[in-house]
Each structure stands twice: as structure tokens, then as C-alpha cells.
Amino acid sequence: MKRIILSIAFAVIVLSSCSSIDSDAKKAAKLNRKSMEYARELKLEEAEKLYRESREIVARYKNTEKFEEFHLAYNKYMAETAEK
């Protein structure tokens, strides 16, 4: 019984960390895209603020074993915008 509970707890942790990486990548990409929009509109203070927020999210994953997974998801969300 103890093993089953531990297995379920482990599965929940793994699944939640994956969705966290994905949602962080999506948020960072969204912030970066909005920053680019502001820069095109010459709203440079707003652009810089959002860009820094995006970079803070990226920095959380930099030099960790989760960076590659984060980077792939981030690139996917950035590419989706480029296609539109």
C-alpha cells in the first residue's frame, strides 16, 4: 500500500513539473512576443519590462537539467507566432 501511494505521489510530481515547464515556456514566449510588439510601436519602457520578465523565466531553467525541455517548448511557442 505504501508503494502505491509513493508511486502516485511521484507521478503527480512528474506531471506537474512537466506542465510547469510548458506553462513557463508559453508565458516567456508570450511576454517576449508582446515585448517585440511594444518595441515596434516604440513603447520602449514597456518592451524592456516584458523582455526582462521573459528573461527571468528563461534564467530559472538555464544551467539545469530541465533547460533543454524548456527551450524546446519555448521555441515551439515562438514559432507558432511566427507562422501567424
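It should be noted that the structure appears before, not after, this text.
Residues numbered from 1 in each chain as written. Predicted model: local features only at pLDDT ≥ 70, side-chain atom pairs only at ≥ 80, totals over all residues. Heavy atoms only, no water.

### Focus on the overall build of the chain
Quick note on the threshold: Under the scheme used here, helices are H or I runs from DSSP no shorter than 4 residues and strands are E runs no shorter than 2 residues, and both carry numbers assigned from the N terminus. Note on exposure labels: buried denotes an accessible area under 20% of the residue type's maximum, exposed denotes more than 50%, and partly exposed covers the range between, all computed with a 1.4 Å probe on protein chains only. Whether two residues are in contact is decided by their heavy atoms, any of which lying within 4.5 Å being enough.
Check the secondary structure of the chain and you find three helices and zero strands. The linear arrangement of helices and strands in the chain, starting from the amino end, is α-α-α. Expressed as a percentage of its 84 residues, the buried residues of the chain come to 23%. Contacts in the chain between residues at least 24 apart in sequence constitute 62% of all its contacts with a sequence separation of at least 6.

### A look at the pattern of salt bridges
To be explicit about the condition: Salt bridge criterion: a side-chain nitrogen from Lys or Arg within 4 Å of a carboxyl oxygen from Asp or Glu.
Tallied over the full model, the rule gives five salt bridges. Linking Lys43 and Glu41 is a salt bridge whose minimum nitrogen-to-oxygen distance equals 3.4 Å. Lys49 is paired through a salt bridge with Glu53; the nearest N and O atoms lie 3.2 Å apart. Linking Lys49 with Glu53, this pair stays in helix 2 (residues 44–61), spanning four residues, or about one helical turn.

### Describing helix 2
Helical geometry: 3.6 residues make up each α-helical turn, so side chains three or four residues apart lie on a common side. Basically, it comes down to this: Each helix should span, by expectation, one fewer than its residue count multiplied by 1.5 Å. Taking the helix axis as origin, the arc is that swept by the directions to the C-beta atoms.
If you check helix 2, its first and last C-alpha atoms are 26 Å apart, about what 18 residues at 1.5 Å a residue would give, namely 26 Å. All of the buried residues along helix 2 are Ala47, Leu50, Ser54, Ile57, Val58 and Tyr61. Looking straight down helix 2, one finds that the buried residues subtend no more than 100° of arc, so they occupy a single side. Away from its buried face, by an angle of more than 90 degrees, helix 2 presents the exposed residues Leu44, Glu45, Lys49, Arg52, Glu56 and Arg60. Positive phi shows up at Asn63, right after helix 2, with a value of about 60°.

### Overview of the side chain of Ser54
Short version of the rule: What qualifies as a polar contact is a pair of N or O atoms within 3.5 Å, subject to a donor-acceptor requirement within protein and to the restriction that residues adjacent in sequence count only when both atoms come from side chains.
The residue Ser54 is located in helix 2 in this model. In this structure Ser54 comes out as buried when scored by relative accessible area, which is 0%. A distance of 3.0 Å separates the side chain of Ser54 from the backbone oxygen of Ala28, its partner in a polar contact. When residues no more than four places from it in sequence are discounted, the contact partners of Ser54 are Ala28, Leu31, Asn32 and Tyr74.

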